[in-house]
Structure formats: C-alpha cells, structure tokens
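# Notes for the structure review
Single-letter residue listing:
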Amino acid sequence: MSGFDNDSRERLRLADALSARTDALCIGLEEGTAEIFALVTPTTAELLAWWFGADTRTARHGTARGGPDFHVGQRQAILNAIVAHEVLGSATLQELYQRVAPDALLAGKRLAEVGQAKHTHPKYCLKMATGTGKTWVLQALLVWQLLNRTAALEAGVDDPRFTRNFLIVAPGLIVYERLLDAFLGKEIDGRRDFASSDVARYAELFIPEAHRERVFGFVRGNTCTRDEIGLKVTGNGLIALCNWHLLGDAAGRSGRSPGGDRRPAAVATGQGRRQRPGRARPSPRTRQRAGLSGRSAGVQRRSASYPCGQARGRSHRGGVAEKPDADRRGQGAALRAGGLLGHALQRRGQRQEQEEAVLPAHHRRLRPEDGHGCGTGEIAGTRPAQGDRRVAAGVQGRARRRRQSGP
C-alpha cells in the first residue's frame, strides 16, 4: 500500500507544491492580512475578502437559515486556481511546473510530456469527488473572471488573464440540465425561473452586494443553451452551456468525423457515401449480369461483385479478411446464382438464333406465336435447352456425313 501511496503522490507533485505555495500566501486570509492581497487585483482582493473574510462569514452565518459557505475543499480549489493563474501568471503548463515544482520535471518523461504543443496554454484541473460542490467552485471562478474583465475594460486596460466568454461542457444530459438549473433556474411552465438559480439563491455567498445586479444581468442575458449556441445574440460576453456530444456532432457536420466525408456538398454529389472495408464497387458488366440497375444495384452490388473464389462470403483486401453474417452470405449466393442464370439465358438465346438459321423449317423449334403444340402436352417454346442442343447436334451431324459421303 505504501508503494501505491508514494506513486500517487509522485503524480500529484505539482498539486501538492501548488497547495503549499497557496497556503503560504494565504496565511491571515480571514483577518485580511495575507500576502496574497498585495499580489492580486483590487477586484480579486474584494472577492477574497467577501468569500473568506471573517467578518463577512460571520454576517452570513448570523442569518436565520445559517447562511451558505464554502467548505475546505472548495476553498482550496478556488485559491489554487487564483494563485496559479493570477499570482504566478503561468502561460503554459511547463512554466507552472518551473515556478512551483521544478524538480518534478526531472522524473521520467514528464518534461517531454508537459512540453507538448497541447499544453502551451493555461490549463488547470480541479479534482473533486461527486457531490462535493464543483458547481459552486465553477460559479465562483466565473464571477472572479467576469468582474475582473469588466473592471479592466472600464479602466481601458486589456488584461489577457481575464475574460467574459465561457464554454461549460457537461459530461451528459443529466449534468447539463443541472447546470441549466444552476445558471438559469428551474423550468416552470416552459420558462426558466431565474430566482431559483444558484446564482440568485446564493448571491450573498458568490457576489458582493455592489456587483450583484451587474452579474445577474450578464448571466440572464448572455447564457446560451446548446440549442442557442451560434444563434442567440449576446453583448460583450457569453456563457455557453452544452454537453460534450454537441462537440462531436459539430465535428461530424464540418466533415472531420472519421469514416468518410459527410459534408453537405460531398453528400449531395455522392462523394460522401461510406463503404464497408473490404468491399469493392462492382463493374457495370457485373451489375448487368446480375440484372441490377439504379437504386437496387446500389443496395445489392457488394454481394454481386464477389468472384468465384470468394463464394463463401470472404472478402480480402490489404491482407484483412472479413466474413459477413449468414444472411449476407445467402444474399450473395442468390445474387451470384441469378447473375449466372441471366448470363446462361442470354447465351442460350444467341445459340438458338444461330441454330435456327441453319436448320430446316420442319426441324425448327415451335414458338408460342405459331399456335402449335410440341406433341407432348407442353406449351411450345418451353422445352429444355438440353433437348434443343441435342436436336441441333443431330441435324448438324447428318449434314456433315452427307458432305463427306459425296453425291
């Protein structure tokens, strides 16, 4: 067990070092004397005093219902994010390591990993268990970013550390609905009641009183559901809520999904049709033999294109063998039989025309339109092809013998 614990702590060296740095900067936070107050913007200092100051916490707890508050885990998550982003100002993951835990970069291949291009922007992971209040941490950090960006714009400063544009991606529809309730309120008679949202219900915890109306207006007017993204007009900021499946659908609509080109133009021209692996498009001659054309040929052409060596339903392409199911094998066999039968009938008709051209009139095959019977109770024109071949062979043999014997 000790080995497992040591290995786990090794993977969390950055988190441990960042928490230690944060704890050192936040000594005296409740009394307003912490070192962190001098290292952040006035807006952030105001928020830290509102969230964690002893006076404001006492005022909240003195209410009739006791008042909401952040627990220890939420407090640590919020402070770690603020220290990493605003105090340390790390632009990349490698830079954050170098400022907080440089020795951790020497372990294994960590330096090569954190130096990759995908880590060249600020990114933070807050690992919190289910039910520990991740949404509250999210909303507190959103207020921190929003108010700082607003203050910077009012002062005519473009501070890249802060933003008014947010994309919140949920892992599923259940969490997505909970996020809608948290930001817009519960749905009543088809409309969202903002008064029931977390932002409004716990405003005394999240937002200093002087900024509440501004935050309320931004959240109510700039929050977009997944169906409104790209359609709703918002001013100077956005809170986009969606589930991660929407991102996959968007990638598919843009033609980047694996398995084929599904862009509308490609689909309209027929270039975006996906084909199963190991299946080749049959030639026009093969489709003609199988008696297929048009849309029906498009459905059945794969089975009709198998050569005789693949009669058992196996197709080989690039060294990969694929075995269709029993239904597809049966369909392929039926189509191959139909193709061979059609080809045989076509050749039979050609031979019959050639034979009738050289046969005497009384040996020619009777046709239905002649109105004659064949003497056996069968309808004229329905005798087997084998009998026709025997008659033709007999006539041709007698003619050959006459020519050889001479006059």
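### Quick word on the nonpolar core
- Ranked by internal contacts, the top residues of the largest apolar core, which has 64 residues, are Ile36, Trp51 and Phe183.
- Here this core takes nine residues from helix H8 (residues 134–154), the largest share from any one element.
- Sequence-distant contacts of tryptophan 51, defined by excluding residues within four places in its chain, comprise Arg57, Arg60, Asp69, Phe70, Ile78, Ile82, Ala140, Trp144, Leu205 and Phe206.

### Quick word on the confidence of the model for the protein
- For the protein, per-residue confidence averages 74 on the pLDDT scale, and residues scoring 70 or more make up 60% of the total.
- Within the protein, the element-level pLDDT minimum falls on helix H14 (residues 264–268), averaging 36, and the maximum on helix H3 (residues 42–52), averaging 97.
- A low-confidence stretch, residues 255–279 (pLDDT under 50), is modelled with 40 contacts involving residues beyond four sequence positions or located in other chains.

### Some details on the packing of aromatic side chains
- Under the counting rule described, the total for this entry stands at nine aromatic pairs.
- Look at tryptophan 51 and phenylalanine 52: their rings are 6.1 Å apart centre to centre, the planes differ by 75°, and that puts the pair in the edge-to-face class.
- Overall, tryptophan 51 belongs to the buried group, its relative accessible area being 0%.
- Here the aromatic rings of phenylalanine 194 and phenylalanine 216 are separated by 5.6 Å at their centres, their planes lie at 75°, and the arrangement is edge-to-face. With phenylalanine 194 in the loop between strand E3 (191–192) and helix H10 (198–201) and phenylalanine 216 in helix H12 (residues 212–222), the pair connects residues that are 22 residues apart, well separated along the chain.
- The class for phenylalanine 194 is buried, based on a relative accessible area of 10%.
- Phenylalanine 216 sits in the buried class, given a relative accessible area of 15%.

### Re the layout of surface pockets
- Its volume calculated, the largest pocket comes out at about 1300 Å³.
- Around the largest pocket sit 41 residues that line it, and Lys134, Thr135, Val137, Leu138 and Ile168 are the ones nearest its centre.
- Only helix H5 (72–87), H8, strand E1 (165–170), helix H9 (173–184) and H10 provide two or more residues apiece to the lining of the largest pocket.
- Tallied by class, the residues present in the lining of the largest pocket amount to 23 nonpolar, 10 polar and eight charged.
- Volume-wise, the second largest pocket comes out at about 850 Å³.
- In terms of lining, the second largest pocket is formed by 24 residues, of which the most central are Leu12, Ala15, Cys125, Leu126 and Lys127.
- Only helix H1 (2–11), helix H2 (13–25), H5 and helix H6 (93–100) provide two or more residues apiece to the lining of the second largest pocket.
- When residues of the lining of the second largest pocket are assigned to their parent elements, the largest contribution, six residues, is made by H2.
- Residues that form the lining of the second largest pocket fall into these classes: 13 nonpolar, four polar and seven charged.

### A short note on the packing of H3 against H5
- Direction vectors running N to C along H3 and H5 enclose 170°, while the axes themselves pass 12 Å from each other. Taken together, the axes of H3 and H5 lie roughly antiparallel to each other. Together, Thr44, Leu48, Trp51 and Phe52 of H3 and Arg75, Ile78, Leu79, Ile82 and Glu86 of H5 make up the contact between the two elements.

### Details of the environment of lysine 118
- The topology assignment puts lysine 118 in the loop between helix H7 (110–114) and H8.
- By relative accessible area, which is 49% here, lysine 118 ends up partly exposed.
- Taking C-alpha positions, lysine 118 is 9.6 Å from threonine 92, a pair spaced 26 residues apart along the chain.
- Contact partners of lysine 118, with chain neighbours within four places excluded, come to Glu113 and Lys123.

### Digging into the pairing of strand E5 (residues 238–243)
- Across the six residues of E5, five count as buried, placing the element largely inside the fold.
- With six bridges connecting them, E1 and E5 associate as parallel partners. Looking at E5, one finds that isoleucine 168 is bridged to leucine 241.
- Relative to E5, strand E4 (residues 223–224) runs parallel, the two being bridged by two bridges. Looking at the pairing, threonine 223 lines up with isoleucine 239 of E5.

### A short note on unusual backbone geometry
- Residue aspartate 189 is not a glycine yet carries a positive backbone phi of 55°.
- With respect to the secondary-structure elements, aspartate 189 resides in the loop between strand E2 (187–188) and E3.
- Assessed through its relative accessible area of 78%, aspartate 189 is described here as exposed.

### Concerning the pattern of salt bridges
- The final tally for this structure, using the stated rule, is nine salt bridges.
- The salt bridge involving arginine 214 is made with glutamate 154; its shortest N-O contact spans 3.0 Å. Residue arginine 214 is located in helix H12, and its partner glutamate 154 is located in helix H8; the two are separated by 60 residues in the primary sequence.
- Residue glutamate 154 is classed as exposed on the basis of its relative accessible area, which comes to 55%.
- For arginine 161, the salt bridge identified is with aspartate 159, shortest N-O distance 2.8 Å.
- Owing to a relative accessible area of 29%, arginine 161 belongs among the partly exposed residues under this scheme.
- Judged by relative accessible area, which is 14%, aspartate 159 ranks as buried.
- Connected through shared salt-bridge partners, Arg57, Arg60 and Asp69 make up one network.

Conventions used here
Residues numbered from 1 in each chain as written. Predicted model: local features only at pLDDT ≥ 70, side-chain atom pairs only at ≥ 80, totals over all residues. Heavy atoms only, no water. Core = buried A, V, L, I, M, F, W, Y, C linked by side-chain atoms within 4.5 Å. Buried < 20%, exposed > 50% of the residue type's maximum accessible area, 1.4 Å probe, protein only. Helix = DSSP H or I, 4+ residues; strand = E, 2+ residues; numbered from the N terminus. Contact = heavy atoms within 4.5 Å. pLDDT = per-residue confidence, 0-100. Phe/Tyr/Trp six-rings, centres within 6.5 Å; stacked < 30°, edge-to-face > 60°. 1 Å grid on protein atoms, 1.4 Å probe; cavity = no way out; pocket = protein on both sides within 12 Å on 5 of 7 lines; lining within 4 Å. Points joined across faces, edges and corners; volume = space filled by probe spheres on them. Nonpolar A, V, L, I, M, F, W, Y, C, P; charged D, E, K, R; others polar. Axes fitted to C-alpha atoms, helices over the stretch in contact; angles between N-to-C directions. Parallel < 35°, antiparallel > 145°, perpendicular 65-115°, else oblique. Pairing = 2+ DSSP bridges. Salt bridge = Lys/Arg side-chain N within 4 Å of Asp/Glu carboxyl O.

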